[in-house]
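What the coordinates show
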Amino acid sequence: MEMDPTTRTQQPIVTGTTVIGIKYKDGVMLAADTLGSYGTMARYKDVRRISKVSDNCIIGVSGEISDYQQIQKMLKEKHTEDINHDDGYSKSPKEIYNYLRAILYQKRNKGNPLWNQMLVAGYNNNKNFLGYVDLIGTSYEEDFVATGFGAHLALPLIREKWDPELEEGEARALLEDCLRVCYYRDCKAFYRIQIAKVTEPDEDGNMVMISEPYNITTEWETANFDLRHPHNGQDGSSW
Amino acid sequence: MFRNQYDTDVTVWSPQGRLHQVEYAMEAVNQGTVCLGLRNKTHVILAALKRSPNELACYQKKLFKIDDHMGIAMSGLTADGRSLIKYMRTEALNHRYVYGSEIQGNRLVLDVADMHQRCTQSYVRRPYGVGLLVSVVDATGPHLYATEPSGNYYEYVAMAIGARSQTARTYLEREYLTFNECNEDELIKHSLKALAASLSGDTELDVQSASVSVLGPDQSFKILPDTEIQKYLDIITLEQGNNNNNTNMDVDQDEPIIDPDA
């Protein structure tokens, strides 16, 4: 009986695009759209790419969605272990971030990566935390980060506006603006987004809040996209 | 208690519901020299009595660092203790690599206790013949744990194990309520006094046989060098005057009082 040889991950199939994260006054915020692209086809339009990992930590993931699901499973296992220990201690956001780094780096060294770029965001010991880990095991902590196209399109906008004491409303507006630009220019982006934050506990004791998906407004009449504008259409480009 | 027909294998119960091999292993801990530990709200101190097999030999080390935030004292079969130390150090270091942080003390102690238990339920292994006192300062504060060959482990505010440890325990039971008000120096003095209580006959406590470690939130696990131990022993002697007691040293009465913080 003919058997296929063992193969390793060579390319992602169903993918998520940009995730953006920023630290702000009350904690840390992540934003991402809800699209799972099948190549350039906008196939799965309600993929929740931001998920809660523990009471004070969330992750936002771009790249291969099936690998994201695998990561969710692993993190859930770790969280369950913590609960079962029942000793008043659970892993901090930084420890979760380090754990992901160790896993991703090892799989990369074996030539079989989990094809993701992800942000780990949390709030612990009265300090916010934001880290980046990716498929080759790169990891770093930063005040604001973005994966995928967001790294090119969103980060310059954030650099202009960012301040460690950004209010929540300002932070949301900034993230929505960035995802709007990503939607205009990234062909695998989508107008339906989620915003999530981790802060000090609110009156119900919750630190994590992940919004339901909602649509962002877009404007296609601007000069850039309108062929009636004098400068457009002459060379075939829309820049 | 000893020598009956149900004590050859650890996998055999006695009619009284006891595993004699495990109990014999616990006796091995009592044959080792005394170790003790005590803590207050921030620091954990371990102290141990070192022994040398003969005049020509060195005194055997009893206190070991597992990680910056954790250390142990062992009593019993020190060779068994060494393999446990290796395991604990590997686990602590691996945790640092994977999670970027210090391992939680109670979780590692639980793992070690599980290792002990596996040996009480296997036909091909024997129980570990060593008791450990584990001092740790982690995210949940200072802790002192004791493991036993049976696989049980307990947390203590103060504890002593090994030969003649009952006298040390009696001393600790008398004094432990004051520990939370003690500073690091006072705790160290208590540990040495408790250690001295377990000496046999006329033996004196000296820097060769006394071993003390300190551990605190800003103090990574440190075994005190001989010079510092000597200072504490001298202070204890001065405080107790020239009474006939176990910590009696030939101290020149004209020497100035040593400042322990110097």
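Scroll up to find the structure.
Before going into details, it helps to say that this report is about the structure given with it. (Residues numbered from 1 in each chain as written. Chains lettered and ligands numbered in written order. Predicted model: local features only at pLDDT ≥ 70, side-chain atom pairs only at ≥ 80, totals over all residues. Heavy atoms only, no water.)

**Thoughts on the sheet that holds strand S8 (residues 158–161) of chain B**
All names here are of chain B. Definition in use: Two strands form a pair only when DSSP identifies at least two bridges running between them. A run of DSSP states H or I qualifies as a helix once it reaches four residues; a run of E qualifies as a strand once it reaches two. Both are numbered from the N-terminal end. The convention used is that axes are lines fitted to C-alpha atoms, helices contributing only their stretch in contact, and that angles between N-to-C directions extend from 0 to 180 degrees.
Strands sit in the order S8-S1-S2-S9-S10 across an open sheet of five strands; the sheet is antiparallel. For this open sheet the edge positions go to S8 and strand S10 (219–223), each flanked by a neighbour on one side alone. Averaged over all pairs of adjacent strands, the angle between strand axes in this sheet comes to 10 degrees, irrespective of strand direction. Where strand S9 (residues 210–216) and S10 come together, three bridges link them in antiparallel fashion. Bridging across to S10, Ser213 finds its partner in Ile223.

**Here we look at helix H2 (residues 93–109) of chain A**
All names here are of chain A. Put simply, the test is: Residue count minus one, scaled by 1.5 Å, sets the expected span of a helix. Buried, partly exposed and exposed residues are distinguished by accessible area as a fraction of the type maximum, computed with a 1.4 Å probe on protein chains only: under 20%, between the cut-offs, and over 50%, respectively.
Taking 1.5 Å of rise per residue, the 17 residues of H2 would be expected to cover 24 Å, and the 24 Å separating its terminal C-alpha atoms lies within 8% of that figure. Among the residues of H2, Pro93, Glu95, Ile96, Tyr97, Asn98, Tyr99, Leu100, Arg101, Ala102, Ile103 and Leu104 are the ones counted as buried. Following H2 by one or two positions, Gly111 has its phi on the positive side, about 75 degrees.

**Considerations on the environment of A:Pro12**
Residue and element names in this part refer to chain A. Counted only if it meets this: The contact definition used throughout considers only heavy atoms, calling two residues in contact when any of these lie within 4.5 Å.
You can see Pro12 is positioned in the segment before strand S1 (14–16). A sequence separation of 53 residues divides Pro12 from Ile65, and the C-alpha atoms of the two residues are 8.4 Å apart. Setting aside residues no more than four positions away along its own chain, Pro12 makes contact with Glu64 and Trp115.

**Describing the environment of B:Val29**
All names here are of chain B. You can see Val29 is positioned in helix H1 (residues 20–31). Since its relative accessible area comes to 8%, Val29 is described here as buried. Taking the C-alpha atoms as reference points, Val29 and Gly162, separated by 133 residues in sequence, lie 5.7 Å from one another.

**Digging into the pairing of strand S12 (residues 192–199) of chain A**
Residue and element names in this part refer to chain A. For S12, the tally of buried residues reaches seven of eight residues, placing the bulk of the element in the interior. When strand S3 (residues 27–33) meets S12, the two strands line up antiparallel, connected through seven bridges. Counterpart to Val28 in the pairing with S12 is Val198. For S12 and strand S14 (residues 214–215), the ladder comprises two bridges, and the chain directions are antiparallel.

**Quick look at the packing of aromatic side chains**
Here is the rule we go by: Here the aromatic set is Phe, Tyr and Trp, taking the six-membered ring for Trp, and pairing holds for ring centres within 6.5 Å; pairs whose planes are under 30 degrees apart are stacked, those over 60 apart are edge-to-face, and all others are tilted. Only Lys NZ and Arg CZ are tested; either one counts as a charge over a ring when it is within 6 Å of the ring centre and within 35 degrees of the ring normal.
One pass over the structure, following the stated rule, counts 10 aromatic pairs over all chains. When the centroid spacing of 5.2 Å and the interplanar angle of 80 degrees are considered together, the rings of A:Tyr184 and A:Trp220 count as edge-to-face. Residue A:Tyr184 is located in helix H4 (residues 168–185), and its partner A:Trp220 is located in the segment after S14; the two are separated by 36 residues in the primary sequence. Three or more aromatic residues link up through ring pairs in this structure, and these residues are A:Tyr183, A:Tyr184, A:Phe190, A:Tyr191 and A:Trp220. The ring of B:Tyr99 has A:Lys91 sitting right over it, with the charged end atom 4.9 Å from the ring centre. A cation over a ring is seen here: A:Arg101 above B:Tyr97, with NZ or CZ 4.9 Å from the ring centre.

**A short note on the packing of helix H4 (residues 165–175) of chain B against helix H5 (residues 184–197) of chain B**
For any two helices packed against each other, one specifies the crossing angle of their axes together with the interaxial distance. All names here are of chain B. Formally: Each crossing gets its hand from how the near helix is turned against the far one by less than a right angle, where anticlockwise is left-handed and clockwise is right-handed. Classes in brief: Ala, Val, Leu, Ile, Met, Phe, Trp, Tyr, Cys and Pro nonpolar; Asp, Glu, Lys and Arg charged; the others, Gly included, polar.
With their axes 7 Å apart at the nearest point, H4 and H5 run at an angle of 145 degrees to one another. Where H4 crosses over H5, the handedness of that crossing is right-handed. Across from Thr167, Ala168, Tyr171, Leu172 and Glu175 in H4, the residues of H5 making contact are His190, Lys193, Ala194 and Ala197. For the contact of H4 with H5, a count of residues per class yields five nonpolar, two polar and two charged.

**Here's the deal with the nonpolar core**
Residues and elements named next belong to chain B. Heads up, the rule is: We define a nonpolar core as any set of buried Ala, Val, Leu, Ile, Met, Phe, Trp, Tyr and Cys residues linked to one another through side-chain atoms lying within 4.5 Å.
Among the nonpolar cores identified, the biggest contains 30 residues, and Leu36, Leu172, Leu192, Leu195 and Leu205 are the most heavily contacted of them. Only strand S1 (35–39), strand S2 (44–49), S8, H4, H5, S9 and helix H6 (226–239) provide two or more residues apiece to this core. For this core, the leading source of residues is H5, giving six residues.

**Looking at the pattern of salt bridges**
To keep it simple, the criterion reads: Throughout this description, the term salt bridge denotes a Lys or Arg side-chain nitrogen within 4 Å of a carboxyl oxygen of Asp or Glu.
Counting across every chain of the model gives 22 salt bridges over all chains. A:Arg49 is the partner of A:Asp33 in a salt bridge, and the nearest nitrogen-oxygen pair spans 2.9 Å. With A:Asp33 in strand S3 and A:Arg49 in the loop between strand S5 (41–44) and strand S6 (50–54), the pair connects residues that are 16 residues apart, well separated along the chain. As far as the burial class goes, A:Asp33 and A:Arg49 line up, both buried. The closest approach of N and O atoms between B:Lys65 and B:Asp68, which form a salt bridge, is 2.9 Å. One salt-bridge network, in which partners are shared between bridges, spans B:Lys65, B:Asp67, B:Asp68, B:Arg96 and B:Glu102.

**Brief notes about empty space enclosed by the protein**
All names here are of chain A. To keep it simple, the criterion reads: For cavity detection a 1 Å grid was placed over the protein atoms alone, and a set of points counts as a cavity when a 1.4 Å probe fits there but cannot get out; an open set counts as a pocket when protein lies on both sides within 12 Å along at least five of seven lines, with lining residues being those that have an atom within 4 Å of a point. Grid points are joined across faces, edges and corners, and a volume is the space filled by probe spheres set on the points.
In this structure the tally under the stated criterion is two cavities of 30 Å³ or more. Space inside the largest cavity adds up to approximately 80 Å³. Taken together, Val53, Ser54, Leu75, Lys78, His79, Asp82, Ser90, Lys91, Ile96 and Tyr99 make up the full set of residues lining the largest cavity. When contributions to the lining of the largest cavity are tallied by element, the ones reaching two or more residues are S6, helix H1 (65–85) and H2. Looking at the lining of the largest cavity element by element, the count peaks at four residues for H1. Residue composition of the lining of the largest cavity, by class: four nonpolar, three polar and three charged.

**Side note on a nonpolar patch on the surface**
All names here are of chain A. Keep this limit in mind: A residue counts toward a patch only above 30% relative accessible area and without a salt bridge, and it is joined to like-charged neighbours within 9 Å or, for Val, Leu, Ile, Met, Phe, Trp and Tyr, to nonpolar neighbours within 5 Å. Computed with the Shrake-Rupley method and a 1.4 Å probe, the accessible areas treat only the protein chains shown as cover for residues.
The grouping of Ile13, Tyr38 and Met41 at the surface amounts to a nonpolar patch, some 300 Å² of accessible area in total. Note that Met41 resides in strand S5. The exposure class assigned to Met41 is partly exposed, which follows from its relative accessible area of 48%.

Bear in mind that shape data such as this cannot, by itself, settle questions of function.
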